Structure formats: C-alpha cells, structure tokens
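# Examining the three-dimensional arrangement
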Amino acid sequence: MTDTDPIQAAARADFCRFLAACYYEPAPEFAQEKLFDSMAAAGELIGVEFASGARRLGMAFAAEGIEDLLVDYTRLFLGPVDARANPYGSVWLGPDGLAMQDSTMAVVGLYEEGGFELSEDFRDLPDHVAAELEFLYLLLFREGRAGAEGALALRTRLLEEHLGRWIGPFTDAVKAGAKCAFYRELGDLTNRFVAMEARRSALA
C-alpha cells in the first residue's frame, strides 16, 4: 500500500486517535468501549507489530486495577512534585525544561494553520502529548482527500519540528518511570508509531 492509500491512511488515523486517548486519565470505559480491540483492528491494517502491540496494551490494562493505573498515571504525568515523564513538548524541547515556552506557541500556530481546535473540555496545555497526537490524527484523517498536500506538509512540520523531536525521550521516561506494564507498553507503542510516521513523512 502507498502512503496515500485511503484504507491504510484511515487505519493509521484511527490508531493515532486511540493512542491519544490512552494519555487521558485511565477509566473503565477504556475496556468497556473496546478501545484496545479497535486499536488492534486498525493495527492489522498497518503492520503486525502494531496489532500485537495493541493487544499487549489491552492485556496489560486488564491485568491492572484502575486504582493502580491512576496512581501510575499521576506519578508519571502529574506529579504532585515532579512528573516522571512530563507530557509537554516544551519541557523536552526547551533549554530550561519548562512548560509554556516558544515551542508551545509554535505548535499552536501549526494547529491554527491546520484548522485544529482543542476541545472545550481539554483543560491542559496545547503541547500535551495527547493534543499533538490528536492533531496528527486529524492530518492523517485528511490524507487521500482534497487538499491532502497541505495536510502532508503540516504532518511533516509537526513531526520534524515538534512531536517527532521529543517523543523519543518522553517515551523513554515513561518506560523508565512506569510501575504498571500498561504504561511501559504505551510508551513503546507510541514511540514506534510516531517513528513510523516520521519515516513516512521523510519519504513523502
């Protein structure tokens, strides 16, 4: 399949959207709404490593209690003192390790170019990993449609200037800091997916 194949583009978009969902607070709805089954189905159309990774993610989620997942989620992404894996791009891209820096404003500008608006329910910073993955989802969703050239250009910029630059050290921190297998699997799967998209963009 080519990079513009609409079936695979839709599967990649869905997979990206499901990854983004996993960076929100864990809840029973993840399993009840068959998030991981849907992710595995999308993965089957992308490559066996993504399908098997999604299945491992689902099994790891099922093996943990929600309370344990919430504790790990808080330790990794919220703190209360120092988050083990700070989920904001600016922390990884800036020289001082601080949030809300120039790179935050730059990615907001990219969102505006792409017509991407964060949900009114989204209460976090705009360069949160979930937000950048959701923007990548939108760009992938547009592939194969009218105006796809603009989406491809924005995808390349997102991956070269933002998400693709910091996802590696971020997911390394997730894997190193996680006590639950779920977050170790999530970090690994996220890094592999974004790396794949970066390679595709470089070849486009």
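The model shown is predicted, which means the values in this text are computed figures rather than measured ones. (Residues numbered from 1 in each chain as written. Predicted model: local features only at pLDDT ≥ 70, side-chain atom pairs only at ≥ 80, totals over all residues. Heavy atoms only, no water.)

## A closer look at the packing of helix α8 (residues 129-142) against helix α9 (residues 148-177)
- Close contact between α8 and α9 brings their axes to 10 Å; oriented N to C, the two are set at 150°. Between α8 and α9, the crossing angle belongs to the class labelled roughly antiparallel. At the point where α8 passes α9, the crossing takes the left-handed sense. On α9, the residues touching Val-129, Glu-132, Leu-133, Phe-135, Leu-136, Leu-139, Leu-140 and Arg-142 of α8 are Ala-148, Ala-151, Leu-154, Arg-155, Leu-158, Leu-159, His-162, Leu-163, Trp-166, Ile-167 and Phe-170.
- Residue composition of the contact of α8 with α9, grouped by class: 15 nonpolar, one polar and three charged. (Axes fitted to C-alpha atoms, helices over the stretch in contact; angles between N-to-C directions. Helix = DSSP H or I, 4+ residues; strand = E, 2+ residues; numbered from the N terminus. Parallel < 35°, antiparallel > 145°, perpendicular 65-115°, else oblique. Left-handed = near helix turned anticlockwise from the far one by under 90°. Contact = heavy atoms within 4.5 Å. Nonpolar A, V, L, I, M, F, W, Y, C, P; charged D, E, K, R; others polar.)

## Focus on the pattern of salt bridges
- Taken as a whole and assessed by the stated rule, the structure comprises 11 salt bridges.
- For Asp-72, the salt bridge identified is with Arg-75, shortest N-O distance 2.8 Å. Remark: Arg-75 and Asp-72 occur in helix α5 (residues 66-78); sequence separation between them is three residues, near one turn of the helix. With respect to burial, Asp-72 and Arg-75 carry one shared label: buried. (Salt bridge = Lys/Arg side-chain N within 4 Å of Asp/Glu carboxyl O. Buried < 20%, exposed > 50% of the residue type's maximum accessible area, 1.4 Å probe, protein only.)

## Quick word on helix α7 (residues 102-113)
- For α7, with 12 residues, the first-to-last C-alpha span of 17 Å sits near the 16 Å given by 1.5 Å per residue.
- Those residues of α7 lying buried are Ser-103, Thr-104, Val-107, Leu-110 and Tyr-111. In an axial view of α7, the angular spread of the buried residues amounts to 120°, which keeps them on one side of the axis. Opposite the buried face of α7, by more than 90 degrees, sit the exposed residues Asp-102, Glu-112 and Glu-113.
- Taken together, the buried residues of α7 touch α6 (89-93), α8 and α9.
- Just downstream of α7, Gly-115 is the residue with a positive phi angle, here 70°. (Expected span 1.5 Å × (residues − 1). Arc of directions from axis to C-beta.)

## A word on the packing of aromatic side chains
- Under the definition given, this model contains 20 aromatic pairs.
- Seen in terms of ring centroids, Tyr-111 and Phe-116 are 4.9 Å apart; in terms of plane orientation they differ by 85°. Their pairing is edge-to-face.
- The exposure class of Tyr-111 is buried, given its relative accessible area of 3%.
- The class for Phe-116 is buried, based on a relative accessible area of 13%.
- Over the ring of Phe-50 we find Arg-192, and its NZ or CZ is 5.9 Å from the ring centre. (Phe/Tyr/Trp six-rings, centres within 6.5 Å; stacked < 30°, edge-to-face > 60°. Lys NZ or Arg CZ within 6 Å of the ring centre and 35° of its normal.)

## Let's talk about the nonpolar core
- By size, the foremost hydrophobic cluster in this structure holds 59 residues, and its most contacted members are Phe-15, Phe-182, Tyr-183 and Phe-193.
- Top element by residues in this core is α9. It accounts for 10 residues.
- Discounting chain neighbours no more than four positions away, the residues touching Tyr-183 are Cys-22, Pro-26, Leu-69, Asp-72, Tyr-73, Leu-76, Phe-77, Val-174 and Ala-178. (Core = buried A, V, L, I, M, F, W, Y, C linked by side-chain atoms within 4.5 Å.)

## Looking at the environment of Thr-190
- Its location among the elements puts Thr-190 in helix α10 (residues 181-203).
- For the pair Thr-190 and Asp-102, spaced 88 residues apart in sequence, the C-alpha separation works out to 24 Å.
- Among all residues touching Thr-190, those that are not within four sequence positions of it are Leu-19, Tyr-23, Leu-133, Ile-167 and Thr-171.

These figures come from the coordinates and say nothing about function on their own.
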